[in-house]
Amino acid sequence: MAKAIGKRKTSQREAIYNVIRAAEGPLSVNQILDRGTAKVPKLGVATVYRCVKLLVEAGDIKPVTLPDDTTRYESSHLEHHHHFRCTKCETVFDLPGCLMPIPNGSSLPNGFQVNGHEVTLIGICCECQKN
């Protein structure tokens, strides 16, 4: 964890950072709170918001905005990857690697130039298919 922009390291911030790093996909603030209270029982939602803001500013985590306009957070140290969102349980999973290897700077029809891309696949995860 990088030095959080001049702020002292706290057990809450450390727990939140560890929850996000251990996740198999980006997490919402409520998911971070739920998982964080297992490590810091008196963790509150205001503390989660404050710590998430500091961790984003420090470059330790980054926001991920999904097509449904929800913002979740994941480690900023991950390689380029895409996401899968389950429509039953609403869990978002990281997918390994890049499904669409389009290099930055590529030209597309009608004069579009690629500066990056994000892909979120939507469907039903393995666990929900079993149930």
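Refer to the structure above for everything that follows.
Trainee: Summarise helix H2 (residues 29-36); cite the residues concerned and give the values.
Mentor: Restricting attention to buried positions, one finds in H2 the residues Val29, Ile32, Leu33 and Gly36. Viewed end-on, H2 has its buried residues packed into an arc of 100°, placing them on one side of the element. The exposed set on the far side of H2, more than 90 degrees from its buried face, consists of Asn30 and Asp34. Tucked into the core, H2 has its buried residues touching helix H1 (11-22), helix H3 (45-58) and strand E2 (71-75).

Trainee: An account of the pairing of strand E3 (residues 82-86) is requested, with residue identities and associated values reported.
Mentor: For E3, a buried count of 5 out of 5 residues is recorded, marking the element as mostly surrounded by other parts of the structure. The alternating pattern of E3 places His82, Phe84 and Cys86 and His83 and Arg85 on opposite faces, both of which are buried. Two strands pair when backbone bridges link them, and E3 and strand E4 (residues 92-95) are joined in this way by 4 bridges, in the antiparallel orientation. Each bridged residue has a counterpart across the sheet, and for phenylalanine 84 the counterpart in E4 is phenylalanine 93. Adjacent in sequence and paired antiparallel, E3 and E4 are bridged by 5 residues, among which glutamate 90 carries a positive phi angle near 65°. Across 4 bridges, the pairing between E3 and strand E5 (residues 120-123) is parallel. Along E5, the bridge assignment pairs histidine 83 with threonine 120.

Trainee: Please provide a residue-by-residue account of the packing of H1 against H2, values included.
Mentor: Between H1 and H2, the shortest axis-to-axis distance is 9 Å and the interhelical angle comes to 110°. Accordingly, the angle class assigned to the pair H1 and H2 is roughly perpendicular. Like other packed secondary-structure pairs, H1 and H2 cross with a definite hand, here right-handed. Along the contact surface, H1 presents Ile16, Val19 and Ile20, while H2 presents Ile32, Arg35 and Gly36. The residue inventory of the contact of H1 with H2, partitioned by class, reads 4 nonpolar, 1 polar and 1 charged.

Trainee: Quick rundown of a nonpolar patch on the surface? Include the residues and the values.
Mentor: A cluster of nonpolar side chains, Leu99, Met100, Ile102 and Leu121, forms an exposed patch at the surface whose accessible area comes to about 310 Å². Mapped onto the elements, methionine 100 comes out in the loop between E4 and E5. Residue methionine 100 is classed as partly exposed on the basis of its relative accessible area of 38%.

Trainee: Explain the pairing of strand E1 (residues 61-65) to me, using residue names and the numbers behind them.
Mentor: Alignment of E1 against E2, held across 5 bridges, turns out to be antiparallel. Across the sheet, residue valine 64 finds its bridge partner in E2, namely arginine 72. The antiparallel pairing of E1 with E2 creates a hairpin that spans 5 residues between the two strands, and aspartate 69 there sits at a positive phi of about 70°.

Trainee: Tell me what's going on with the nonpolar core, and back it up with residues and numbers.
Mentor: By size, the foremost hydrophobic cluster in this structure holds 18 residues, and its most contacted members are Ile16, Ile32, Val48, Val52, Ile61 and Tyr73. At the level of elements, H1, H2 and H3 are the ones that each hand at least two residues to this core. At 5 residues, the largest contribution of residues to this core is made by H1. Those residues in contact with valine 48 that lie beyond four places of it in its chain are Ile16, Val29, Ile32, Leu33 and Leu43.

Procedures and definitions
Residues numbered from 1 in each chain as written. Predicted model: local features only at pLDDT ≥ 70, side-chain atom pairs only at ≥ 80, totals over all residues. Heavy atoms only, no water. Buried < 20%, exposed > 50% of the residue type's maximum accessible area, 1.4 Å probe, protein only. Helix = DSSP H or I, 4+ residues; strand = E, 2+ residues; numbered from the N terminus. Arc of directions from axis to C-beta. Contact = heavy atoms within 4.5 Å. Pairing = 2+ DSSP bridges. Axes fitted to C-alpha atoms, helices over the stretch in contact; angles between N-to-C directions. Parallel < 35°, antiparallel > 145°, perpendicular 65-115°, else oblique. Left-handed = near helix turned anticlockwise from the far one by under 90°. Nonpolar A, V, L, I, M, F, W, Y, C, P; charged D, E, K, R; others polar. Patch = residues over 30% accessible without salt bridge, like charges linked within 9 Å, V, L, I, M, F, W, Y side chains within 5 Å. Areas by Shrake-Rupley, 256 points an atom, 1.4 Å probe, with all protein chains shown as cover. Salt bridge = Lys/Arg side-chain N within 4 Å of Asp/Glu carboxyl O. Core = buried A, V, L, I, M, F, W, Y, C linked by side-chain atoms within 4.5 Å.

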